[in-house]
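# Per-entry structural report
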Amino acid sequence: MAKRESMTGNQVVAECMRQINPDVVAAYPITPSTEVMQIFAQSVADGLVDTELVTVESEHSAMSACIGASAAGGRVMTATSACGLALMWELLPVASALRLPIVMTVVNRALSAPINIHCDHSDSMGCRDAGWIQLYSENAQEAYHNIIQAAKICNREGVWLPVMVCVDGFIISHSIESVEMLEDDEVQRFVGEFKPRKPLLDVDNPVTYGALDLQDYYMEHKKQVDDAIQSSKSEILKVAEEFKKEFGYEYGLIDSYMMEDAEVAIVALNSTAGTSKYVVNMLRQEGIKAGVLKIRVFRPFPADEIREALKNVKAVAVLDRSSSYGTAGPLFLDIRSAMYEADSKPFITNYIYGLGGRDIGIDELRSIYEGLISSIKEGKPARTYNWIGVREKV
Amino acid sequence: MTLKNKEELPLGGLIEEAGNAAEYETGGWRTFRPVWDFEKCIQCLTCWIYCPDSCIIVEDEKVKGADLRFCKGCGVCANECPPKIRAITMEEEVKFKK
């Protein structure tokens, strides 16, 4: 039976890894994900897992070790943040194109410069095009459930792709939360025995990984990755269905909160979705029809589901905790692009917020909703691209 | 050589059969091909030693020509053929494409 425990987000991730008991884990510390490996390393030292813990000299090597171990046929996991993820960048498309089911927790943190250790999504958004499935987690509980599901999604027939589970640095990673933990054997049973696809260690069926692939075949192999990640939507949903059947928690590609009759809505990732839900509860008491659309699966991008969820909304604010400097927020760009095919198009505005861990509170979110309401009243969209909470000359 | 489509290719660009490089024909790059004059050839096998693509065909210790599936027309064989013999000439590939 599940039991409630008070833990930080990082403790939950490390505990989840202990329960899954991967074959190989590569570890390199970087704030705020350091604790994950620190706690997990203790489990290795205490003999609670059979994991081969590889301590490397950089994140570039961490991902390289993961790729090697995964090609060899092991269940492989790791965790990183920010600049560490950026240093892995070169290897990320290698993992996806070689179809290696690695599960990595990304504890989201801002990229330098200026140096900043706090939360934003510049790191995971920076590698959104690497062919990795990306799951976002509202809180530690969801991070726990996402990692368990990721361990199963990554190796499903036809998927065979790496999965990134994103968790907000410090806000979730270092805050203590009451989390319902499953029993070890329940987790083990759910993720199942790991069956590698074409392991290098299978000496009876030798294979070569990472061969040269020029103009004649490179595009076909990249299209295979695109096909796999596009069709992984249904596998993600099937795993969510199995998870619901087993443990009672419901997950989809998106999470609609009070969206049935909503006129104004905020779209957000990770922990800000939780704060937005709190604000929606306040607004609902005042008779304002507000809702929140949380994106759980950012890659593959659930365009159809988002279009369906936003079809009756009059004004939407997409919140991005990163910017694609020179254009707008990455989530906004995808959502506005998805809405181009909608029959009735709501006003869509973009807010860049919370970079480098700057707080977004109830007041800011409330003002965003109020902005949406007044744009409906005026019958014209508000300014499309906005930064919230930046001090500037007016 | 017909190219396979994405459904027929191993996922991840894996090579699943050992020693299959022999199936990858590289003779398509050729502009010149070596032609032997076996009246002049003294069977010294110098061309066989020097061919960078190991494509000189030798049967019963005698040179029979080049395996054109892999010959890139580099001309090393013709160059290394002893000066007094000159049994190999490089001829333009287009002449054979009729």
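Everything discussed here concerns the structure shown above.
Here the residue numbers are simple positions, counted from 1 along each chain's written sequence. Following the order in which they are written, the chains are lettered starting with A and the ligands numbered starting with 1. Note on the predicted model: pLDDT of at least 70 is required for a residue's local features to be given, and 80 or more for side-chain atom pairs to be given and counted; whole-chain, interface and lining totals, by contrast, use all residues. Excluding hydrogens and water, the side-chain values take into account all heavy atoms of the structure.

### A look at the packing of aromatic side chains
Residue and element names in this part refer to chain A. Each pair of aromatic rings taken from Phe, Tyr and Trp, with Trp reduced to its six-membered ring, is defined by centres within 6.5 Å and is described as stacked if the planes are under 30 degrees apart, edge-to-face if over 60, and tilted in the remaining cases. Tallied over the entire structure, the rule returns nine aromatic pairs over all chains. Pairing Phe 243 with Tyr 249 gives two aromatic rings, centres 6.5 Å apart and planes at 40°, and the pair type is tilted. Exposure is judged per residue with a 1.4 Å probe applied to protein chains only, and the accessible area is read against the type maximum: over 50% gives exposed, under 20% gives buried, and values in between give partly exposed. Overall, Phe 243 belongs to the buried group, its relative accessible area being 0%. Ring centres of Tyr 325 and Trp 387 lie 6.4 Å apart, and the angle between their planes is 40°; on these two criteria the pair is classed as tilted. Here Tyr 325, found in the loop between β13 (315-320) and α12 (330-339), pairs with Trp 387, found in strand β15 (residues 385-387); they are 62 residues apart in sequence, far enough to count as distant. Here Tyr 325 falls in the exposed class, since its relative accessible area comes to 60%. Since its relative accessible area comes to 35%, Trp 387 is described here as partly exposed. Here a set of aromatic residues connected by ring pairs shows up, and it is made of Phe 190, Phe 243, Phe 247, Tyr 249 and Tyr 251. The aromatic ring of Trp 160 is capped on one face by Arg 197, whose charged end is 5.4 Å from the ring centroid. For a ring to carry a charge above it, either NZ of a lysine or CZ of an arginine must fall within 6 Å of the ring centroid while also lying within 35 degrees of the normal to the ring plane. Taking the ring centre of Phe 298 as reference, the NZ or CZ of Arg 299 above it sits at 4.4 Å. Here a strand is any run of E in DSSP of at least two residues, a helix any run of H or I of at least four, and the numbering for each starts at the N terminus.

### As for the interface of chain A and chain B
Taken together, the 18 residues of chain A in the interface contact 14 residues of chain B. Approximately 1500 Å² of surface area, both sides summed, lies buried where chain A meets chain B, with 60% of it carried by carbon and sulfur atoms. Any Lys or Arg side-chain nitrogen found within 4 Å of a carboxyl oxygen on Asp or Glu counts as a salt bridge. Between the two partners, chain A and chain B, sit two salt bridges. Where Lys 6 of chain B meets Asp 227 of chain A, a salt bridge forms, and the shortest distance between an N and an O atom there is 2.9 Å. Between N or O atoms, a polar contact is any pair within 3.5 Å; within protein, one atom must be a potential hydrogen donor and the other a potential acceptor, and residues adjacent in sequence are included only when both atoms are from side chains. There are nine residue pairs in polar contact (both at pLDDT 80 or more) connecting chain A and chain B. For this analysis, residues touch if any pair of their heavy atoms sits within 4.5 Å. Summed over both partners, buried area is the accessible surface (1.4 Å probe) that two parts give up on being assembled.

### A look at the state of the cysteines
Pairs of cysteine sulfur atoms within 2.5 Å are what we label disulfides. Scanning the entire structure with this criterion turns up zero disulfides over all chains. The structure places no disulfide on Cys 66 of chain A, whose sulfur is separated from the nearest cysteine sulfur, that of Cys 154 of chain A, by 12 Å. The exposure class assigned to Cys 66 of chain A is buried, which follows from its relative accessible area of 0%. Free of any disulfide, Cys 41 of chain B has its nearest cysteine sulfur in Cys 47 of chain B, 6.4 Å distant.

### A short note on the pattern of salt bridges
Inspection of the entire model under this criterion finds 34 salt bridges over all chains. Between Lys 198 of chain A and Glu 16 of chain B there is a salt bridge, with the nearest N and O atoms lying 3.5 Å from each other. Pair noted here: Lys 198 of chain A is in the loop between α8 (184-191) and α9 (218-247) and Glu 16 of chain B is in the segment before β1 (32-36), and the two residues belong to different chains. A relative accessible area of 30% means that Lys 198 of chain A is categorised as partly exposed. Counted as one network, the salt bridges with shared partners bring together Glu 138, Glu 142, Asp 255, Lys 277 and Lys 294 of chain A.

### Quick look at the nonpolar core
Residues and elements named next belong to chain A. By nonpolar core we mean a set of buried residues, namely Ala, Val, Leu, Ile, Met, Phe, Trp, Tyr and Cys, connected to one another through side-chain atoms within 4.5 Å. In terms of nonpolar packing, the biggest core is built from 55 residues, with Met 63 and Leu 310 touching the most fellow members. The contacts of Met 63, once residues within four sequence positions are left out, are Thr 78, Met 88, Leu 91, Leu 92, Ile 102, Met 104 and Trp 132. Ranked by size, the runner-up nonpolar core spans 51 residues in total, among them Val 103, Ala 140, Ile 147 and Ile 236.

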